[in-house]
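# Survey of secondary and tertiary structure
This is what each chain is made of:
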Amino acid sequence: QAEIDPSKKTIVVLGSGWASTSFLKAIDTDHYNVVVVSPRNYFLFTPLLPSCTVGTIDVRSLIEPVRFITRHKSREVRVYEAECTDIDTDTKTITITDNSDVKGENSVSTLAYDYLVIGVGAQNQTFGIKGVEQYGCFLKEVWDAQKIRSKLMDCIETAAFPGQSPEEIDRLLHMVVVGGGPTGVEYAAELHDFLVDDLSSWYPELAGKIKITLVEALLNLLPAFSKQLIEYTESTFKEQNITIHTKTMVKEVREKDIVVQKPDGTPDTIPYGLLVWATGNTTRPLIKNLIARLPETQTIRRGLEVDDWLRLKGTEEIFALGDATATKYAPTAQVAAQQGKYLARLFHQLAMQELLQNEVGLASTDAEKVAKERKLRKVKDIKPFKYSHQGSLCYIGSDKAIADLPFGQGNVSSGGVATYAFWRSAYISNLFSSRNRALVITDWLKKTVLGRDISRE
Ligand code: FAD
Ligand code: NAD
């Protein structure tokens, strides 16, 4: 175990997602003891996760262990695979719990922090709709993608079982996606490709019966994209035989069907074999408890309120970033990653302040003191976080993608096969490591040459 140097302040980092990993990559461990607490011991590149639900990409190609990320730091970083279950702002300690399957004699502990960086993300939104947790599949983590892949193949094999009635075959082969945000759209697109590229040749008698339906409560899909790209996506889905039910709100999920409210307000039921639930984010219990602890300064239920320097309002030593926060920015990887990088710079400046403050006191001449004070003023001037939007991308199937990209003061929208080439290169260059890049490129080649694997793991 790495030694905690008592002369240095300790930063405890919660989470190993986009926000915390970007912070970890950039933090200078010369100045701080750094401890990471996360229930998963790896970073996951979420933008390509929908591709794992049908085997276009292997999940292992998208993950990178936290220890791999921190191994080149000048001082060792402690990593605990555990969940933070409580934050005590009075004693500046957190409780950590090992919630994994294998537990030792001890599975609960406390850690002290000088600074706490909260990057725990968000959890899946269900709006408390009955049956979602029990029957729906989410798409956020590695195990979600694995579960979807396995359940999809199970539905198809069960439909092929002898003696199945035509109605039961139709139900089992009906794949319903709830939520027309980018997660739902990208999943439907990947499923479509799998159906056309692979399932149609492996299951010729069933493939024609496989149906994909996307259910969205609002007027259209992808509300965050420009109007022309929304129309382009909807018409592409139509060509791909993906049924879209907009203005349709899911009210209840049952074992074999969902109850929806149709645009005219009347109820209806839609039978399904596989249900993928992608209706966005909600706050994790840990964050809800922290908000409740700080009622005067934390007033938004959507997430943690931070100032322009990502400091948690109502505290001095806690910083929060990414999906766990409620800011003017969308809950995206882009925002989280930029915040992580920014916060590491802020910590560097805080360390420099402390260093220079000591040096000012030790200066032997007036000139030296003046020079140090000037430097100190400079590092004390910490600029607020500023987000730079690089554009929004979304895969829509059949080797087509859409992109809204900032250009000058405006925006350029593009969609199609060329945009897909751009989508691919953007994600390849953003992948965490060259190892990830090599693995994803290999997966893409493998898929092209050999097709996707249809085994149910
Ligand atoms: P996360 O990345 O979710 O990380 C949270 C971390 O905290 C995880 O390591 C988790 O294990 C850990 N954690 C949870 N609870 C605790 C606890 N109690 N204690 C300690 N640690 C805890 N955004 C884009 O910009 N572009 C995209 O193309 C894109 N595609 C996406 C595709 C999918 C399928 C999904 C689900 C999301 C996508 N996003 C995309 C959104 C993006 O993934 C999130 O905005 C981003 O992950 C947020 O980063 P984060 O670090 O705040 O949270
Ligand atoms: P989202 O919040 O973007 O979309 C959820 C959708 O579900 C909404 O359109 C909502 O109207 C709909 N919905 C909610 N309740 C419903 C109900 N009961 N019945 C039917 N529809 C219902 O969620 P997401 O797609 O998971 O995205 C989450 C975040 O991650 C967003 O910020 C998104 O931009 C980001 N993300 C980005 C990408 C990308 O850039 N390619 C991919 C995935 C996710």
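Per an unreviewed UniProt entry, the protein goes by the name NADH:ubiquinone reductase (non-electrogenic) and belongs to Phycomyces blakesleeanus. Reading the Sequence similarities (unreviewed entry) entry of the UniProt record for the protein gives the comment "Belongs to the NADH dehydrogenase family."

## Points about the overall build of the protein
Along the backbone of the protein there are 14 helices and 22 strands. Here the protein has a C-alpha radius of gyration of 25 Å; the compact-globule value for 457 residues is 23 Å, and the two agree. Here the C-alpha coordinates of the protein stretch approximately 90 × 55 × 45 Å along the principal axes. Out of the 457 residues belonging to the protein, those deemed buried represent 39%. The long-range share in the protein, meaning contacts at least 24 apart out of those at least 6 apart in sequence, stands at 62%.

## Remarks on the site of ligand 1
Surveying the vicinity of ligand 1 reveals 33 residues, the closest of which are Gly15, Gly17, Gly121, Gly322 and Thr332. Among the secondary structure elements, those contributing two or more residues to the shell around ligand 1 are helix H1 (18-26), strand S2 (32-38), helix H2 (49-52), strand S6 (83-88) and helix H11 (333-362). Broken down by class, the residue content of the shell around ligand 1 amounts to 16 nonpolar, 12 polar and 5 charged. Both domains that meet at the shell around ligand 1, namely domain 1 (9-39 + 82-122 + 283-380) and domain 2 (132-280), each give it at least three residues.

## A short note on the site of ligand 2
In the vicinity of ligand 2, 28 residues are found, and the nearest of them are Gly179, Gly181, Pro182, Thr183 and Gly280. Per-element tally for the shell around ligand 2: the top contributor is helix H7 (residues 182-202), with 4 residues. Its residues assigned to classes, the shell around ligand 2 shows 16 nonpolar, 10 polar and 2 charged. Composition of the shell around ligand 2 by domain shows at least three residues from each of domain 1 (9-39 + 82-122 + 283-380) and domain 2 (132-280).

## Some points on the packing of H1 against H11
Two elements in contact, H1 and H11, have axes separated by 7 Å at closest approach and are oriented at 35 degrees. Crossing angle aside, the handedness with which H1 passes H11 is right-handed. Note on element contacts: H11 touches H1 through Ala333, Ala336, Ala337, Gln339, Gly340, Lys341, Leu343, Ala344 and Arg345, opposite Trp18, Ala19, Ser20, Thr21, Ser22, Phe23 and Ala26. For the contact of H1 with H11, a count of residues per class yields 9 nonpolar, 5 polar and 2 charged.

## Some remarks on the sheet that holds strand S17 (residues 274-277)
The parallel open sheet is built from 4 strands, whose spatial order is S13-S12-S11-S17. Strand pairing shows two members of the sheet lacking a second neighbour, strand S13 (242-245) and S17, which therefore form its edges. Across the sheet, the mean angle from the axis of one strand to that of its neighbour is 20 degrees, orientation sign disregarded. Strand direction decides the pairing type here: strand S11 (residues 174-178) and strand S12 (residues 211-215), joined by 5 bridges, are parallel.

## So, the nonpolar core
Membership of the largest hydrophobic core comes to 118 residues, with the highest contact counts inside it found for Val13, Val117, Leu275, Val276, Leu304 and Ala320. Of the residues forming this core, the biggest block, 8 residues, is contributed by H7. Formed jointly, this core draws a minimum of three residues from each of two domains, domain 1 (9-39 + 82-122 + 283-380) and domain 2 (132-280). Excluding anything up to four places from it in sequence, Val276 contacts Cys137, Leu139, Ile148, Val177 and Tyr187.

## Brief notes about the environment of Asp197
On the secondary structure map, Asp197 appears in helix H7. On the basis of neighbour counts, which here come to 16 C-beta atoms within 10 Å, the residue Asp197 falls in the partly exposed class. C-alpha separation for the pair Asp197 and Pro166, spaced 31 residues apart in sequence, amounts to 24 Å. Beyond its immediate stretch of four places on either side in the chain, Asp197 contacts Gly451 and Arg452.

## Digging into the sheet that holds strand S16 (residues 267-271)
Paired through their backbone hydrogen bonds, the strands of a sheet run either parallel or antiparallel. The strand order across the open sheet built from 3 strands is S14-S15-S16, with neighbouring strands paired in antiparallel fashion. Across the chains shown, the open sheet's two edge strands, defined by having one partner strand only, are strand S14 (249-253) and S16. Across the sheet, the axes of successive neighbouring strands diverge by a mean angle of 35 degrees, strand direction being ignored. With 5 bridges joining them, strand S15 (residues 257-261) and S16 adopt antiparallel strand pairing. Paired with Gln261 across the bridge in S16 is Pro267.

## Re the domain arrangement of the protein
The domain boundaries assigned to the protein delineate domain 1 (9-39 + 82-122 + 283-380) and domain 2 (132-280). A straight line from the C-alpha centre of domain 1 to that of domain 2 covers 39 Å.

## Here's the deal with the UniProt feature "domain: FAD/NAD(P)-binding" (unreviewed entry) in the protein
Summarizing the sequence annotation, UniProt attributes the feature "domain: FAD/NAD(P)-binding" (unreviewed entry) to residues 10-340 in the numbering used throughout. This span, residues 10-340, is 31% helix and 25% strand, and a straight line between its end C-alpha atoms measures 17 Å.

## Regarding the pairing of S12
Bridge count for S12 against S13 is 4 bridges, and the pairing is parallel. Looking at S13, one finds that Thr213 is bridged to Thr243.

## Considering the confidence of the model for the protein
Chain-level statistics for the protein give a pLDDT mean of 96 and a share of 100% at 70 or above. Scoring of the predicted complex yields 0.97 for pTM and 0.99 for ipTM.

## Considerations on helix H10 (residues 285-293)
Of the residues making up H10, those classed as buried are Leu286, Ile287, Leu290 and Ile291. With its buried residues spanning 135 degrees around the axis, H10 presents them on a single face. Facing away from the buried surface of H10 by more than 90 degrees, the exposed residues are Pro285 and Ala292. The inward-facing, buried residues of H10 contact S6.

Calculation criteria
- Starting from 1, residues in each chain are numbered consecutively following that chain's sequence as written.
- Whichever chain is written first is A, and whichever ligand is written first is 1; the rest continue in order.
- Per-residue local features of the predicted model are confined to residues with pLDDT of at least 70, and side-chain atom pairs are confined, for both listing and counting, to 80 or more; whole-chain, interface and lining totals are unaffected and use all residues.
- UniProt positions are given in the numbering used here, feature names are shortened, and annotations may be inferred rather than shown by experiment.
- Going along the chain from the N terminus, every DSSP run of H or I of four or more residues is numbered as a helix, and every run of E of two or more is numbered as a strand.
- Throughout, the radius of gyration refers to the C-alpha atoms, and the reference size of a globule is 2.2 Å times the residue count to the power 0.38.
- Any residue surrounded by 20 or more other C-beta atoms within 10 Å of its C-beta is treated as buried, while 12 or fewer makes it exposed and the intermediate range makes it partly exposed; C-beta atoms here are placed from the backbone.
- The contact criterion used is a C-beta to C-beta distance within 7 Å, with each C-beta placed from the backbone.
- All residues are tested the same way: a C-beta atom is placed from the backbone, and lying within 6 Å of a molecule or strand makes the residue near it.
- Nonpolar residues are Ala, Val, Leu, Ile, Met, Phe, Trp, Tyr, Cys and Pro. Charged residues are Asp, Glu, Lys and Arg, and all others, Gly as well, are polar.
- Start and end points for every domain follow an automatic or database-based domain assignment.
- Convention adopted: a line fitted to C-alpha atoms gives each axis, helices being fitted over their contacting stretch, and angles between N-to-C directions are expressed from 0 to 180 degrees.
- Handedness of a crossing is defined here by the sense of rotation of the near helix relative to the far one, left-handed for an anticlockwise turn of less than a right angle and right-handed for a clockwise turn.
- Whether two strands pair depends on DSSP finding at least two bridges between them.
- Nonpolar cores are built from buried Ala, Val, Leu, Ile, Met, Phe, Trp, Tyr and Cys residues. These are joined into a set through C-beta atoms within 7 Å.
- A residue's pLDDT is the confidence the predictor assigns to it, expressed on a 0 to 100 scale.
- By construction, the arc corresponds to the directions joining the helix axis to the C-beta atoms.

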